[in-house]
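# Descriptive structure summary
The lines below spell out each chain.
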Amino acid sequence: MPILDGKTAIVTGAGRGLGRAEARELARLGAHVIVNDYGQPGRDGTGAPSAAPAEEVAAEIRAEGGSATAHLGDVADFAQARELVRLAVDGHGSLDILVNNAGILRDRMVFSMSEEEWDAVVRVHLKGHFNTTRFAAAHWRERAKASGAPVYGRIVNTSSEAFLAGSPGQPNYAAAKGGVVGLTTSTAAALARYGVTANAICPRARTRMTEDVFGRFPRDGAGPAGTGDEADAAGTCLL
């Protein structure tokens with residue numbers, strides 16, 4: 001029996017890259033996966049986002065014999081994050097695993113960065129991680145109190161070595177990823193009594209967001225340690 005059989009997982013930013021690979025890996029291990037993505041601009045002339053990336057990943061999972069639901073939503077919006085967690089709880093009976101992966105880049109040197117570029121990155125990475133964590137944590141706390149026993153709950157937050165290395169052209173990203181680590185350690189301390197763990201990962205993978213970082217290295221594993229594709233990174237990070 002798959003080790004996550006009967007579990008429900010949310011993966012944010014799962015329409016592409018690392019999030020997509022994480023969603024597929026969790027499904028392979030038996031979880032029902034809610035594939036969240038903000039989407040991409042639609043072609044209906046309104047500019048409204050299309051759910052295509054999330055739907056495509058959910059369809060891939062189902063075609064491989066797994067179970068998945070697509071969710072179009074902005075996790076940096078408090079109400080939409082609440083609805084995402086509610087979808088798992090009300091639609092599938094529980095939420096067991098939360099993988100916060102959604103993120104964007106607005107790279108620029110600190111002396112040239114605009115307020116909008118700073119706010120956008122901090123909003124998606126840091127506030128987005130907080131929003132989903134807040135509602136998942138409340139759910140697990142309520143379940144633990146109702147049962148009088150610890151529950152199974154897992155949070156995996158996506159940080160980056162950029163917060164340690166300083167990443168000169170990414171002051172917004174580096175700051176947000178440092179904040180994710182602080183959020184994770186605080187969450188872990190608060191939820192341990194309820195049986196919930198929270199961990200931060202700093203994955204290395206060639207994805208759409210890291211093309212400029214790893215693009216000069218070959219894709220045959222000959223680059224720096226840990227710079228394989230997103231599927232390699234997902235398997236390592238989640239296990």
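The following paragraphs examine the structure supplied in this document. (Residues numbered from 1 in each chain as written. Predicted model: local features only at pLDDT ≥ 70, side-chain atom pairs only at ≥ 80, totals over all residues. Heavy atoms only, no water.)

### What about the nonpolar core?
Rules: Take the buried Ala, Val, Leu, Ile, Met, Phe, Trp, Tyr and Cys residues and link them wherever side-chain atoms come within 4.5 Å; each set so joined is a nonpolar core. Using a 1.4 Å probe on the protein chains alone, a residue whose accessible area is under 20% of its type maximum counts as buried, one over 50% counts as exposed, and one in between counts as partly exposed. Helix and strand definitions here come from DSSP, where helices need a minimum of 4 consecutive H or I residues and strands a minimum of 2 consecutive E residues; each element is numbered from the N-terminal end. Residue contacts are defined here by distance: any two heavy atoms, one from each residue, within 4.5 Å place the two residues in contact.
Core analysis: the largest hydrophobic core is formed by 21 residues, its most contacted members being Ile10, Leu95, Trp140, Leu191 and Val196. For this core, the secondary-structure elements that each account for two or more residues are helix 3 (78-92), helix 4 (115-147) and strand 8 (196-201). Examining the composition of this core, we find that five residues originate from one element, helix 4, more than from any other. Excluding anything up to four places from it in sequence, Leu95 contacts Thr8, Ile10, Val85, Ala88, Val89, Ala136, His139, Trp140, Arg143 and Tyr152. Counting 20 residues, the second largest nonpolar core, distinct from the first, contains Ala27, Leu29, Ala31 and Val33.

### So, helix 4
This is how the line gets drawn: How far a helix is expected to stretch is found by multiplying one less than its residue total by 1.5 Å. Fitting one axis to the seven residues ending at a residue and another to the seven starting there, the bend at that residue is the angle between the two axes.
In this model helix 4 runs 46 Å from its N-terminal to its C-terminal C-alpha over 33 residues, within 8% of the 48 Å that 1.5 Å per residue would give. Approximately 35° is the largest bend angle found in helix 4, and it occurs at Arg123. The positive-phi residue at the C-terminal boundary of helix 4 is Gly148, with phi of around 75°.

### Concerning the sheet that holds strand 5 (residues 67-72)
Applicable threshold: The rule for pairing is simple: two strands pair if DSSP sees at least two bridges between them. Each axis is a line fitted through C-alpha atoms, taken for helices only over the stretch in contact, and angles between the N-to-C directions span 0 to 180 degrees.
Sheet architecture is open: six strands sit in the order 5-2-1-6-7-8, paired in parallel fashion. A strand with exactly one partner marks an edge of an open sheet, and here the two such strands are strand 5 and strand 8. Taking each pair of neighbouring strands and ignoring which way they run, the sheet shows an average axis angle of 15°. Judged from the four bridges that link them, strand 6 (residues 97-100) and strand 7 (residues 153-158) form a sheet pairing that is parallel. Within strand 7, the position partnered with Asn100 by the bridge is Asn157. The sheet contacts of helix 1 (residues 17-28) involve strand 1 (8-11), strand 2 (32-37), strand 6 and strand 8, and relative to strand 1 the element is tilted by about 175°.

### Remarks on unusual backbone geometry
You will see that Ser167, though not glycine, has its phi angle at about 30°, which is positive. Note on placement: Ser167 falls in the loop between helix 5 (162-165) and helix 6 (171-191). A relative accessible area of 16% means that Ser167 is categorised as buried.

### Topic: the packing of helix 1 against helix 2 (residues 52-63)
Filter applied, for reference: When describing relative orientation, an angle under 35 degrees is termed roughly parallel and one over 145 degrees roughly antiparallel, while 65 to 115 degrees is termed roughly perpendicular and anything else oblique. Left-handed describes a crossing whose near helix is turned anticlockwise from the far helix through less than a right angle; right-handed describes the clockwise counterpart. Three classes are used, and their members are as follows: Ala, Val, Leu, Ile, Met, Phe, Trp, Tyr, Cys and Pro are nonpolar, Asp, Glu, Lys and Arg are charged, and the others, Gly among them, are polar.
Relative to each other, helix 1 and helix 2 sit at 30°, their axes nearing to 10 Å. Classified by the interaxial angle, the pair formed by helix 1 and helix 2 is roughly parallel. Here the hand of the crossing between helix 1 and helix 2 comes out right-handed. When helix 1 is examined against helix 2, the residues Arg20, Ala23, Arg24 and Ala27 are found in contact with a partner set consisting of Val57, Glu60 and Ile61. Grouping the constituent residues of the contact of helix 1 with helix 2 by class yields four nonpolar, no polar and three charged.

### Quick notes on helix 1
Count 3.6 residues to each turn of an α-helix, and residues three or four apart come out pointing the same way. An ideal rise of 1.5 Å per residue puts 16 Å on 12 residues; helix 1 measures up with 17 Å between its terminal C-alpha atoms. Counting buried positions over the 12 residues of helix 1 gives nine, a clear majority of the element. Among all positions of helix 1, only Gly17, Leu18, Gly19, Ala21, Glu22, Ala23, Glu25, Leu26 and Ala27 are buried. Taken from the residues just after helix 1, Gly30 is the one with a positive phi, measuring 110°.

### Quick word on the packing of aromatic side chains
Working definition: an aromatic ring pair is given by the centre-to-centre distance plus the angle between the planes. Using the following cut-off: Note on aromatic contacts: the rings of Phe and Tyr and the six-membered ring of Trp form a pair at centre separations within 6.5 Å, being stacked when their planes are under 30 degrees apart, edge-to-face when over 60 apart, and tilted otherwise. Charge-over-ring contacts are defined here by two conditions on Lys NZ or Arg CZ: a distance within 6 Å of the ring centre and an angle within 35 degrees of the ring normal.
Enumeration over the complete set of coordinates arrives at two aromatic pairs. Considering the side-chain rings of Phe78 and Phe130, the 6.4 Å spacing of their centres and the 15° angle between planes classify their relative orientation as stacked. In this pair, Phe78 is assigned in helix 3 and Phe130 in helix 4, connecting sequence segments 52 residues apart. In this structure Phe130 comes out as partly exposed when scored by relative accessible area, which is 37%. Seen from their ring centres, Phe78 and Phe135 are 4.8 Å apart, and the 55° between their planes marks the pair as tilted. A residue pair is termed long-range when its members are at least 10 positions apart, and Phe78 in helix 3 and Phe135 in helix 4 qualify at 57 residues. By the ring-pair criterion, three or more aromatic residues cluster together here, those being Phe78, Phe130 and Phe135. The ring of Tyr152 has Lys7 lying over it, and the distance from NZ or CZ to the ring centre is 4.7 Å. A cation over an aromatic ring shows up here: Arg154 above the ring of Tyr152, its NZ or CZ 4.2 Å from the ring centre.

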